[in-house]
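# Fold and geometry: a report
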Amino acid sequence: MPGLLRGVARTAVVAGTATAVSNRVSRRQGRRWNAEQAEQAPPQAAPPPPAAAPPSGGVDRITALKQLAELKDQGVLTEDEFNAEKARILAS
């Protein structure tokens, strides 16, 4: 039974971290597309304010950092991706 729980917990950690990283990449890509469209569109009075970051959903920093470390150890994240996400988590 402990092996099963460990496997389920590891899957939850990986899935949660992968979702967080995927959401961040999607937001970054969306901002790039918006910036490209803004350059092509005629100038307007003022651009809208940037969207606020979504709430952490109750995940504390230590858990998020452990999840990132596991993904880095598994080779899912590069060193640069790991450092960027770690800085984001510590800044929140």
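Residues numbered from 1 in each chain as written. Predicted model: local features only at pLDDT ≥ 70, side-chain atom pairs only at ≥ 80, totals over all residues. Heavy atoms only, no water.

This paragraph deals with the nonpolar core. In terms of nonpolar packing, the biggest core is built from seven residues, these being Val21, Ala64, Leu68, Leu71, Leu77, Phe82 and Ile89. Elements with a contribution of two residues or more to this core: helix 2 (61-74) and helix 3 (79-91). It is helix 2 that contributes the most residues to this core, three residues altogether. Leucine 77 has contacts with Val21, Leu68, Leu71, Lys72 and Phe82, leaving out every residue within four places of it along the chain. (Core = buried A, V, L, I, M, F, W, Y, C linked by side-chain atoms within 4.5 Å. Buried < 20%, exposed > 50% of the residue type's maximum accessible area, 1.4 Å probe, protein only. Helix = DSSP H or I, 4+ residues; strand = E, 2+ residues; numbered from the N terminus. Contact = heavy atoms within 4.5 Å.)

Among the secondary structure elements, glutamate 85 is positioned in helix 3. Residue classification places glutamate 85 among the buried residues on the basis of a relative accessible area of 5%. Side chain to side chain, glutamate 85 and arginine 88 meet in a polar contact 2.9 Å long. Those residues within four positions of glutamate 85 in sequence are excluded, and the remaining contacts are Val21, Arg24 and Leu68. (Polar contact = N/O pair within 3.5 Å; in protein donor to acceptor, adjacent residues only side chain to side chain.)

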